[in-house]
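# Summary of structural features
Take a look at the letters that make up each chain.
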Amino acid sequence: MKITGEQIMPATRQRVWDLFNDPDRLARLIPGCEKLGKLAPDEFAGTINVGIAAVKGSYAGKLKLDEIRPPEHYKMFVDGKGKQGFMRGTGILDLLPRDGDPNQTVVKYSGDVQLGGPLMQVGQRVIDSAAKMLMGQFFAAAEAELKAEAAGTVARQGFFINFWRYLLNVIRSFFRRPD
Amino acid sequence: MAVVPKFVGERIKRREDPRLISGTATYVDDVRLPDTLAAVVLRSPYPHARINSIDVAAARSAPGVVAVLTGGDLKDKVGGIPCVAPAEHIPFHPLLAQGKVRFVGESVAIVVASDAYKAQDAADLIDVDYNPLDAVSDPEKALEDGAPVLHEEFGNNLVTRALVPNPAVDEAIAKADKVIKFRIVNQRLAPVPMEPRGVLANWHQASGHLTIWTSTQIPHLLRSGLAAVLGLPENRVRVIAPEVGGGFGAKLNFYREEALVAYLSRMLGRPVKWIERRRENLAATTHGRDQITYLEVPVKKDGTVLGIKAKFICDMGAYLQLLTPAIPGFSGLMMTGCYKIPAMSFEQVMVFTNKMATDAYRGAGRPEAAYIAERTMDMVAGELGLDPVEVRRRNFIPKEAFPYATCAGLVYDSGDYNAALNKALEIVDYPKMRAEQADALKHGRYVGIGIASYVEICGLGPSVMLPPKVPGWESATVRMEPDSRVTVLTGISPHGQGQETTFAQMAADAFGIDIDDVAVVHGDTAIVQYGVGTFGSRGLSVGGAALMMSVGKVQDKLKKIASTMMEAPPDQLTFANRTVALKSDAAKSIPLQAVVDAAYGWKMPIPGMEPGLDATSVFEPAGCTFPFGTHISVVEIDPDTGVVKFLRYIAVDDCGNIISPLLVAGQVHGGIAQGIAQALYEEVVYDENGQLVTATLMDYAAPRAQMLPRYELAHTVTPSPLNPMGVKGVGEAGTIGSTPCVVNAVMDALKPLGIRHIDMPLRPEKLWRAIKDAKKA
């Protein structure tokens, strides 16, 4: 499965970078994340619980970073497995300043993920849209987090509120004028 | 006394059907033994990985769990799954993965618990530490240097290379007016029997007997295989194939689970049952087809085909099942079809890939051959601007030429290919249909007419044509019981073919008794003498011939006894209406029961005659039968959606003499459904990493009723000289004729757009893209 996308975050590159390297805060943003910890400066480990189609399950995995160039780029290797299957793959993350606005950051991501087991066999027909939805929820959460940080408050995070934020973003995108 | 009607050739309803449609049939899962344990197999989610370790501690201590086995527990204790077909590289095929997995769905561990739910919960607790390896799912890539190697001991992924060279083909290519080259693919298919596999094993400790109920087409061959793998004497192993809900070749095999469950029952001293789930069926039951063929066809301007040169890449999957590398042979040998092509040569490269093994699937090698031959004929017609009917007629083997020795070395028993073609053309009204097609095109409608004149190879067969340990003969016992009812024990193992009906028709007529007075018994090695099984459309032509041999022996004994009672020579006697009567004067007769009483010595024993009325015979055919026919389909393609709609479907099949017309129609219907499904819908898809994409019936497009047309069936009758009934076999004909017929129709419809060939399955999305691209160009 190939994933590519682009999101605009309302913060400077450094603040987005800090957020994306902070396991405690990431754990609150990743949908279904049960725990996330740093094993080494370039290595995370954690557990997430996701349900795709009829395949619900918990997956334990590792995330290893490479080609780290703060605050603009890293490459990651993902390797996770649970009783409903496995996922492994690579991803690339680039943070670019948005033209004319240093307080906004363009997050570009691309990945190639291999799935296996029931997760793949039952879920594959909906996996693309499911992945899109999970990414959408993640970025909606990240956006709220960064806005709250700027305002000096703490954002509410959780599955339902982020799902709601994601839905609002989707609805807004229908009315957005093309740039 | 009521007159007993004749049964052979009549439209007799299947005697199997009442129990099947009323839900009272007994499949493996319906067999209930006290204290039965349930087994669940843990399967690999990886197409290719090394197993670092397996932690089963949590599973072993889970509630209800009785045993957990992994590959390590079986090492050196049991044999591997046999492949009897010759090949250069035959890997060890373990019951549970030994250190490495090679396809998604490969068995890694088996859990036995008090019920299947507890077993599944425990299986979820098994922690397998895999080290994923690169996988290869494309057979052509698997042959390249640097491709991941499945079985390291061989150094590469070659299973075997089969060469049938013939320099005459290259001469033909050199002197031909034109050489037509193309590549076609017979995609991988899943047989999808309605009943998945299932096994129940019961080890009887006191007597050292193993009884195993399994959904199989070959109970006796399986008994031999199981005894060998488990190290048991064959007379202590009993295999029962109860009701079998479809096999299509997928159950012409010996599977890991059959040996595993038997092993576990012996180990635990309790019955153990494993029932396959649909996802397991799609991942770990044999697939069919999966051949890529590169063809070179030299032709003369008038459409005469001078030769065929082919290179096959055959995807065998990760391990070799019972007959895996034997299947492509039929594709090569039969690819000249019903044509007098003077020269052929082929090379077959069989390859290991990280996929489930392929093996026989309805047609087993011949659908691929018919697809090659019939696409070739249409390609020739298209390239030379000739009518496909004309090209076929020009190349047909004439009916005077039979028995005909083909350039591949086969001897076709009998045939009249023009007769079948003519009949089909007449039914469809070919000239009128072509005119309608041209008219439709003027209105922007894409209508196509597809023709396929197929010939296939059935009635396997002389044992020399089959691999060792799968002989070609078949057995039958006929016993007239003391009440003059007949029991037939047949060595074949019908699983939908309906021989409980056909064999009863034949035996009833032979003895002049009612069809209800005949019981046909099959599928139990403790009751039935050794037999071979049901596959390759051999049930009637080989098993039925054995039946008639035994019938003849019992008839002879009855006649001999009756002749002393009637004071008439035995050869003047016949059987009718439950009597033995004089041929010349049916009124002069004695009741059949009186003769049977004498035979059993109830009264009036015949001096010097051994009491009893039974005979066992084995029939080994002198050659194979070659059924043939012509299928014509008329389709219309919606250019906006790519959907194929059937306007007509005509099947003219020649299976020799017909014993049971309803059953023949049923076989043709089912066969066409599966053949159309290959043409339009079905494909087993593995992604480039070796993951199975079509892992559920949501994704694997087995056809439903509304996806199929109404069939117009007809027959020509050209008896086979090779068996006493003159029959040929019809179990696979529909599958073989229909696939090329439908693809030819679709390509005919798209010809005005300049489209030459599209590989199957011709899904709407694929056709829509091709139409869009063609219109753009």
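About the criteria used
Residues numbered from 1 in each chain as written. Chains lettered and ligands numbered in written order. Predicted model: local features only at pLDDT ≥ 70, side-chain atom pairs only at ≥ 80, totals over all residues. Helix = DSSP H or I, 4+ residues; strand = E, 2+ residues; numbered from the N terminus. Expected span 1.5 Å × (residues − 1). Buried ≥ 20, exposed ≤ 12 C-beta atoms within 10 Å, placed from the backbone. Contact = placed C-beta atoms within 7 Å. Nonpolar A, V, L, I, M, F, W, Y, C, P; charged D, E, K, R; others polar. pLDDT = per-residue confidence, 0-100. Domains from an automatic or database assignment. Axes fitted to C-alpha atoms, helices over the stretch in contact; angles between N-to-C directions. Parallel < 35°, antiparallel > 145°, perpendicular 65-115°, else oblique. Left-handed = near helix turned anticlockwise from the far one by under 90°. Pairing = 2+ DSSP bridges. Core = buried A, V, L, I, M, F, W, Y, C linked by C-beta atoms within 7 Å.

## Here's the deal with helix 19 (residues 733-750) of chain B
Taking 1.5 Å of rise per residue, the 18 residues of helix 19 of chain B would be expected to cover 26 Å, and the 27 Å separating its terminal C-alpha atoms lies within 8% of that figure. By the criterion of burial, helix 19 of chain B is predominantly enclosed, with 18 of the 18 residues buried.

## Regarding the interface of chain A and chain B
If you look at the interface, chain A gives 13 residues, while chain B gives 14 residues. Where the side of chain A that touches chain B is concerned, the elements lending two or more residues are strand 6 (85-98), strand 7 (101-116) and helix 3 (118-151) of chain A. Here the side of chain A that touches chain B is built from residues that sort into 4 nonpolar, 6 polar and 3 charged.

## Here we look at the confidence of the model for chain A
Per-residue pLDDT for chain A has a mean of 87; in total, 98% of the residues score no lower than 70. Confidence, expressed as mean pLDDT per element, reaches its minimum in chain A at helix 4 (residues 159-175) of chain A with 80 and its maximum at helix 1 (residues 13-20) of chain A with 94.

## Here's the deal with the domain arrangement of chain B
Residue and element names in this part refer to chain B. Here chain B is described as being made up of domain 1 (17-23 + 473-619), domain 2 (31-133 + 194-246 + 251-284) and domain 3 (288-461 + 623-776). Listed as interface residues are 16 residues of domain 1 and, on the opposing side, 18 residues of domain 3. Within the residue set of the side of domain 1 that touches domain 3, elements represented by two or more residues are helix 15 (499-511) and helix 16 (539-566). If one sorts the elements of the side of domain 1 that touches domain 3 by residue count, helix 16 sits on top with 6 residues. Its residues assigned to classes, the side of domain 1 that touches domain 3 shows 6 nonpolar, 9 polar and 1 charged.

## So, the packing of helix 15 of chain B against helix 16 of chain B
Residues and elements named next belong to chain B. One way to put it is that helix 15 packs onto helix 16 with a least axis distance of 10 Å and a crossing angle of 30°. Judged by the inter-axis angle, helix 15 sits roughly parallel to helix 16. Our pair here, helix 15 against helix 16, has a crossing hand that is right-handed. Where helix 15 abuts helix 16, its residues Gln499, Thr502, Phe503, Met506, Ala507 and Ala510 lie against Gly539, Leu540, Gly543, Gly544, Leu547, Met548, Val551 and Gln555. Counted by class, the contact of helix 15 with helix 16 contains 8 nonpolar, 6 polar and no charged residues.

## Things to note about the environment of Met194(B)
All names here are of chain B. Of note, Met194 is situated in the loop between strand 8 (178-189) and strand 9 (198-204). A sequence separation of 548 residues divides Met194 from Val742, and the C-alpha atoms of the two residues are 25 Å apart. In this structure, Met194 is in contact with Gly245 and Gly246, ignoring residues within four places of it in sequence.

## A short note on the environment of Gly531(B)
All names here are of chain B. Structurally, Gly531 can be placed in the loop between strand 21 (518-521) and helix 16. We classify Gly531 as buried; it has 28 C-beta atoms within 10 Å. Note: C-alpha distance between Gly531 and Leu221 (310 residues apart in sequence) is 7.8 Å. Once residues lying within four places of it in the same chain are set aside, the contact partners of Gly531 are His220, Glu474, Ser475, Thr490, Gly491 and Ile492.

## So, the pairing of strand 13 (residues 288-299) of chain B
Residue and element names in this part refer to chain B. Of all the 12 residues making up strand 13, 10 are buried; the element is thus mostly covered by neighbouring parts of the structure. Pairing of strand 8 with strand 13 involves 11 bridges; the strand directions are antiparallel. Each bridged residue has a counterpart across the sheet, and for Arg183 the counterpart in strand 13 is Tyr294. In this sheet, strand 14 (residues 308-317) lies alongside strand 13 in antiparallel orientation, the contact comprising 6 bridges.

## Concerning the sheet that holds strand 2 (residues 33-40) of chain A
All names here are of chain A. A sheet is described by the order of its strands in space; here 7 strands give the open sequence 1-7-6-5-4-3-2, paired in antiparallel fashion. On the outer flanks of this sheet lie strand 1 (2-9) and strand 2, each paired with one strand and no other. Adjacent strand axes in the sheet meet at a mean angle of 25° when their direction is disregarded. Lying on the sheet, helix 1 is in contact with strand 1, strand 6 and strand 7; it crosses strand 6 at an angle near 160°.

## Focus on unusual backbone geometry
All names here are of chain B. A cis geometry characterises the amide bond from Leu460 onward to Gly461, with omega recorded as -20°. Assignment of secondary structure puts Gly461 in the loop between strand 18 (446-455) and strand 19 (474-480). In this structure, Pro761 follows Met760 across a cis peptide bond, with omega equal to -5°. Its place among the elements puts Pro761 in the loop between helix 19 and helix 20 (764-776). Backbone geometry at Lys469 places phi at a positive 75°, although glycine is not the residue there. The residue Lys469 is located in the loop between strand 18 and strand 19 in this model. Unusually for a residue other than glycine, Ser484 sits at a positive phi of about 65°. Its place among the elements puts Ser484 in the loop between strand 19 and strand 20 (486-490).

## Describing the nonpolar core
Among the nonpolar cores identified, the biggest contains 244 residues, and Ala39(B), Ala109(B), Val111(B), Val112(B), Ala507(B) and Val746(B) are the most heavily contacted of them. Here this core gets 11 residues from one element, more than from any other, and that element is helix 16 of chain B. Excluding residues within four positions of it along the chain, Val112(B) makes contact with Leu37(B), Ala39(B), Val66(B), Ala67(B), Ala119(B), Leu264(B), Leu268(B) and Val272(B). Within the second largest apolar cluster, 30 residues are counted, among which are Phe86(A), Met87(A), Leu115(A) and Phe139(A).

## Description of the environment of Lys559(B)
On the secondary structure map, Lys559(B) appears in helix 16. Apart from the residues within four sequence positions on either side, Lys559(B) is in contact with Pro570(B) and Leu573(B).

## Thoughts on the pairing of strand 23 (residues 579-582) of chain B
When a strand is regular, its side chains alternate between the sheet's two faces. All names here are of chain B. As judged from the 4 bridges shared by strand 22 (residues 573-576) and strand 23, these two strands associate in the antiparallel manner. Across the sheet, residue Leu573 finds its bridge partner in strand 23, namely Leu582. The antiparallel pairing of strand 22 with strand 23 creates a hairpin that spans 2 residues between the two strands, and Asn577 there sits at a positive phi of about 50°. Looking at chain direction, strand 23 and strand 24 (residues 589-591) are connected through 3 bridges and run antiparallel. Across the sheet, Val580 pairs through a bridge with Ile590, a residue of strand 24. Counted along the chain from strand 23 to the antiparallel partner strand 24, the turn is 6 residues long.

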